[in-house]
Amino acid sequence: MPHLALQPVRLERIIQMQSLIVQAVFDLDRFMQLVVDNLQELTHAMGAVVELVDGDDMVYRAASGCMAPYVGMRLAQASSLSGLCVRRTEVLICSDAETDPRVDLAACRRVGVRSMVCTPLLQSGQAIGVLKVMSSQAAAFDRNDEQTLRLMADVLGAALGKQMAFDQLTKAEERLRASEAFLDRTGRAAGVGGWELDMRSGELIWSDQTRRIHEVDAAWQPTLDNAVGFYAPEAQPLIRQAVERAIEDGSSWDLELPLRTATGRAIWVRTCGEPEHDQDGIARLIGAIQDVTEHRARKDELQREQQLRNEIEHHAHETRALLAERNDMLNVLAHEVRQPLNNASAALQSAARVLTDIRESAASQRLSRARTVMGQVLASIDNTLAVATLLARPSKAECMDADIDTLIEVSIADFAEDQRRRIRVERATATRTAAMDMSLMRLALRNLLSNALKFSPPDTPVTLRLSDSDDPLALVLDVSDQGPGIASALVPTLFERTTRPETASLAAGHHLGLYIVRRVMELHDGEVHLQHNGPTGVTMRLLLCLAPGD
């Protein structure tokens, strides 16, 4: 195209714009906006755009006037005038989009364009985009406008390349800073710092988190010697040896060592390191350091807990052995002591009958008293065995449906004949059976009857009364005597396993009897109560639930 002589005013304006372009600050978006704003005014266009190549598309990166809302719009290179301009790398003019087959007619109608001028933006001979002015009128641009775009594009292409390169560099730096900030946040959160030792210069570099771990300020410059000096005296030979081996044979290390920070705080750190090679050998040592003080404390605590658990298991083993030995002793007590006493009691009873038959009443009474004492000894042995074996178990009693009358008969049969005659049974219930452990209930009932017989006058009766309870649904067994009652000071701990002094109502000793009664009823989900207590007698009540566990 022949060179046209532009009007002095327009030429001066172009020169001013070119000067602005050359002097523009490195801000790509503002730079492109400056170009389109001035170019629109210079060519009296409805709008101007800078389109850049993006794959197979052309993208509106900057726009002015009526085209400003369309920033970001994409046009296919293959079907647009802009794409053809890039491929040919020459200025193209469209006088009427309605009749020009080179344009994307649908896109032109969408933005209201009838005529346009495109000029390629070249960087090192390669088209990277186009500069375009547009109008809603057909044939709106002449040769002067085409020449203006050509002059502008010559300067703009080179400047745009520099701007884009600077923009890419700026964004890369921003990504790098963001990445470094991310790594710093991650290192701070995880308590992990990094370090690098240049083997040729001897320079040691610490990350910010490494400095925080050592509690030094950002300006402090580490060296290998003072870095090792932070470790506890007993740990310094270990870390030096690890560094030396890495240099000598390329070994890596992963150690947990004590360290004292710049402020004097004692901590534990995990330090890792490994060599990095280049063509000349080991170029540097790189690694990480992490504050593991809390982890170490938890680890030590777990070790202490494990040691304590082992000690407890050892003590439990010893306890089981002692319990086994105790059970053996109880078996001896049960079989080697109790059975001979039973035999002796039976012999005394037989001898007492013989003496009664031959009218030796005095001797017979003495034998009866001896048999009573022996019965008390047997009862004490039975209570001791019960506490040591049956009642120490945490589980409930193994209950079976048992006959109530049989329970009463075997319980009373444990007493001497003169004591049996004092026991009166009153039945106010038709209930015949109940779920129970017969041996345990026999022990409980016998203990109540024994106390009633012991602590009431010899010539007074002891009453065992059976009745029903609706709430709770239970069998009620009341044992009543006509003794002097129980001292009020003893009532709060009556069913506890305690040592009491002798009183008028209770003999001295550990008083296992009532404690056993309570435990037997607990094992049956039942209850025992002091129902009545006064100077005319005591009533103890057993509640044996008919539906235990409900």
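About the thresholds
- Residues numbered from 1 in each chain as written.
- Predicted model: local features only at pLDDT ≥ 70, side-chain atom pairs only at ≥ 80, totals over all residues.
- Heavy atoms only, no water.
- Core = buried A, V, L, I, M, F, W, Y, C linked by side-chain atoms within 4.5 Å.
- Buried < 20%, exposed > 50% of the residue type's maximum accessible area, 1.4 Å probe, protein only.
- Helix = DSSP H or I, 4+ residues; strand = E, 2+ residues; numbered from the N terminus.
- Pairing = 2+ DSSP bridges.
- Axes fitted to C-alpha atoms, helices over the stretch in contact; angles between N-to-C directions.
- Contact = heavy atoms within 4.5 Å.
- Phe/Tyr/Trp six-rings, centres within 6.5 Å; stacked < 30°, edge-to-face > 60°.
- Lys NZ or Arg CZ within 6 Å of the ring centre and 35° of its normal.
- Left-handed = near helix turned anticlockwise from the far one by under 90°.
- Nonpolar A, V, L, I, M, F, W, Y, C, P; charged D, E, K, R; others polar.

J.: So what about the nonpolar core? Which residues, and what values?
T.: In terms of nonpolar packing, the biggest core is built from 42 residues, with Met-441, Leu-449, Leu-464, Val-479, Met-540 and Leu-542 touching the most fellow members. For this core, the element with the most residues is helix H13 (residues 438-454), which contributes nine residues. With 25 residues, the next largest nonpolar core counts Leu-84, Cys-94, Ala-97 and Val-103 among its residues.

J.: I'd love a proper account of the sheet that holds strand E9 (residues 253-260), names of residues and values included.
T.: Spatially, the five strands line up as an open sheet ordered E8-E7-E11-E10-E9, and their pairing is antiparallel. With one partner strand each, in any of the chains shown, strand E8 (204-206) and E9 form the two edges of the open sheet. Across the sheet, the mean angle separating the axes of adjacent strands is 25° when strand polarity is ignored. Of the strand pairs in this sheet, E9 and strand E10 (residues 266-278) are connected by eight bridges, and their pairing is antiparallel. Among the inter-strand pairings, Pro-258 is bridged to a residue of E10, identified as Trp-268. Along the sheet, helix H8 (residues 236-249) contacts E9, E10 and strand E11 (281-291); its crossing angle with E9, the most-contacted strand, is approximately 145°.

J.: How would you summarise the packing of aromatic side chains if you had to cite specific residues and measurements?
T.: Within the structure shown, the criterion is met by four aromatic pairs. Note on Trp-195 and Trp-253: the rings are 5.9 Å apart at their centroids and 20° apart in plane angle, and the pair reads as stacked. Highlighted residues: Trp-195 in strand E7 (residues 192-198) and Trp-253 in strand E9, separated in sequence by 58 residues. Here Trp-195 falls in the buried class, since its relative accessible area comes to 13%. Residue placement shows Arg-296 over the ring face of Trp-268; its charged tip is 3.7 Å from the ring centre.

J.: Can you explain the packing of H13 against helix H14 (residues 512-523)? Please cite residues and give values.
T.: H14 packs onto H13 with a crossing angle of 145° between their chain directions and a minimal axis gap of 9 Å. Helix-helix and strand crossings are classified by hand; for H13 and H14 the assignment is left-handed. Along the contact surface, H13 presents Leu-440, Met-441, Leu-443, Ala-444, Asn-447, Leu-448 and Asn-451, while H14 presents Gly-513, Leu-514, Ile-516, Val-517, Val-520, Met-521 and Leu-523. Considering only residue class, the contact of H13 with H14 consists of 11 nonpolar, three polar and no charged.

Scope: geometric values only; no functional claims are made or implied.
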